[in-house]
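Analysis of the macromolecular model
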Amino acid sequence: VRHWTCLPRSRPVQKALLAAGWRRFVVYCAFTGLVQVHPSHTLATEPSFKLAHPLTQVVSDIDDTLKSSGGIEVAGIALGGIDVQYSRGTLYPGVAQFFYELSCYPVTKNIRHHEEHRDSPSFFLSPPKIAVLTARAEEFKAALEIKDNSKLALKLTNVDPTSNWGIGPVLYGSVSEWVIQEKKGLRKFNNFERLLRQDPTGKIMRYVFCGDVGELDEEAGETILREYPEVVLAVFLHVVSAEPPSNYPPDGLLIPPSRLINGRPLVHFRTYVGAANSALKFGLLEPDALIRIIKEAESDLKSLNESETSSKWVDLRRDINDALVLLSGFS
């Protein structure tokens, strides 16, 4: 894990963090700027700080989770996923805002706790960056890696350019899993265990795993919940299909109900507004966050110039209607 467990390059920040009781945050320094010391404080005056609430890192698949694979196949083998509702490479409406809100909520709770106990905060917490577990082969990393200037990376970064939030560590699959599809779930689980080494105490970070139903993510998610319920808050699975929308049932694709594994929710969803509805129910974000996700999902879908009668709008409006009912209970 050496490539994501290094201290910030700023020596003053290093000294301040270590001297002020931040030793457990050494493992975080992949997330540059996760902790920033207020410039008005010196090494001698900087107070020690402990998290009142563990932070949340979103752990995500790429294809058919962050963006559509388009259902492309090579020699009969899916090239990343099965979804044909959205064209290949299209980012799903609202996904960036949903991931950001999940990452930010514990930061907000820590800031509120700090403000209740101190007059003026002397630190700034940024939300942990997204960790990526992908079936993409590491042997093809040069061609498949997520570039900083890619549409995906820029979309995530632009949610909040001031927070340094976006793509963090990426843990790849191999050609072996691409050929032998049944091994993908195990590889993602093993990569998740590698990710856990960044916080061996299990006291700093909690995780939300987001995948889809087409790449054995459900197998990986179930195993993660069975083995690590103490640090995994939830698993979200995007319901996608290899069937064209014209073949969908009149009421849309069947969305399996949420269920608990070791007391933690495993949630299936069709749109990221639907995912946010469940996240609100399970206490993973606030009502205001759901409203922001709705607005961003609508804006994202409008930018695709889809027909108002398309299955994409049908799916989104159904989940927005559910969200409005849910939000009415919080007013």
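Some remarks on empty space enclosed by the protein
A full pass over the atoms with the stated rule returns two cavities of 30 Å³ or more. Put simply, the largest cavity is a space of about 120 Å³. In terms of lining residues, the largest cavity is bounded by 14 residues, among which Tyr86, Tyr92, Pro93, Arg270 and Thr271 are the most central. Across the lining of the largest cavity, the residue classes tally to seven nonpolar, three polar and four charged.

A few points about the nonpolar core
Within the largest apolar cluster, 49 residues are counted, with the highest numbers of intra-cluster contacts made by Phe98, Phe99 and Phe236. The element that contributes the greatest number of residues to this core is helix α2 (residues 95-117), accounting for seven residues. Among residues more than four places away in sequence, those in contact with Phe98 are Cys210, Phe236, Tyr272, Ala275, Ala276, Ala279, Leu285 and Ile293. In terms of nonpolar packing, the next biggest core, distinct from the first, is built from 25 residues, Ala131, Phe209, Tyr228 and Val231 among them.

Regarding helix α7 (residues 217-227)
Here α7 has its buried residues at Asp217, Ala220, Gly221, Glu222, Ile224 and Leu225. Each element contacted by the buried residues of α7 is listed here: α6 (184-196), β8 (205-212), β9 (232-238), β10 (259-261) and β11 (264-269).

A short note on the packing of α2 against helix α9 (residues 287-302)
Look at α2 against α9: their axes get within 8 Å of each other, and the N-to-C directions meet at 165°. Between α2 and α9, the angle is such that the two are roughly antiparallel. Between α2 and α9 the crossing geometry is right-handed. Contact with α2, carried on its side by Gln97, Phe98 and Glu101, involves Ala289, Arg292, Ile293 and Glu296 of α9 and no other residues of that element. Of the residues belonging to the contact of α2 with α9, the class tally is three nonpolar, one polar and three charged.

With respect to the packing of aromatic side chains
Scanning the model with the defined rule gives eleven aromatic pairs in all. Ring geometry for Phe98 versus Phe99: centroids 6.0 Å apart, planes at 50°, classification tilted. An aromatic cluster is present here, built from Phe98, Phe99, Phe236, Phe269 and Tyr272 joined pairwise through their rings. The aromatic ring of Tyr105 is capped on one face by Lys109, whose charged end is 4.8 Å from the ring centroid. Seen from the ring of Tyr86, Lys312 lies directly overhead, with NZ or CZ sitting 5.0 Å from the centre.

Considering the side chain of Lys312
Of note, Lys312 is situated in helix α10 (residues 311-328). Of note is the side chain of Lys312, whose polar atom sits 2.9 Å from the backbone oxygen of Gln85. One polar contact links Lys312 to Glu306, side chain to side chain, over a distance of 3.5 Å. With residues up to four places along the chain from it excluded, the contact list for Lys312 reads Gln85, Tyr86, Leu301 and Glu306.

What counts and what doesn't
Residues numbered from 1 in each chain as written. Predicted model: local features only at pLDDT ≥ 70, side-chain atom pairs only at ≥ 80, totals over all residues. Heavy atoms only, no water. 1 Å grid on protein atoms, 1.4 Å probe; cavity = no way out; pocket = protein on both sides within 12 Å on 5 of 7 lines; lining within 4 Å. Points joined across faces, edges and corners; volume = space filled by probe spheres on them. Nonpolar A, V, L, I, M, F, W, Y, C, P; charged D, E, K, R; others polar. Core = buried A, V, L, I, M, F, W, Y, C linked by side-chain atoms within 4.5 Å. Buried < 20%, exposed > 50% of the residue type's maximum accessible area, 1.4 Å probe, protein only. Helix = DSSP H or I, 4+ residues; strand = E, 2+ residues; numbered from the N terminus. Contact = heavy atoms within 4.5 Å. Axes fitted to C-alpha atoms, helices over the stretch in contact; angles between N-to-C directions. Parallel < 35°, antiparallel > 145°, perpendicular 65-115°, else oblique. Left-handed = near helix turned anticlockwise from the far one by under 90°. Phe/Tyr/Trp six-rings, centres within 6.5 Å; stacked < 30°, edge-to-face > 60°. Lys NZ or Arg CZ within 6 Å of the ring centre and 35° of its normal. Polar contact = N/O pair within 3.5 Å; in protein donor to acceptor, adjacent residues only side chain to side chain.

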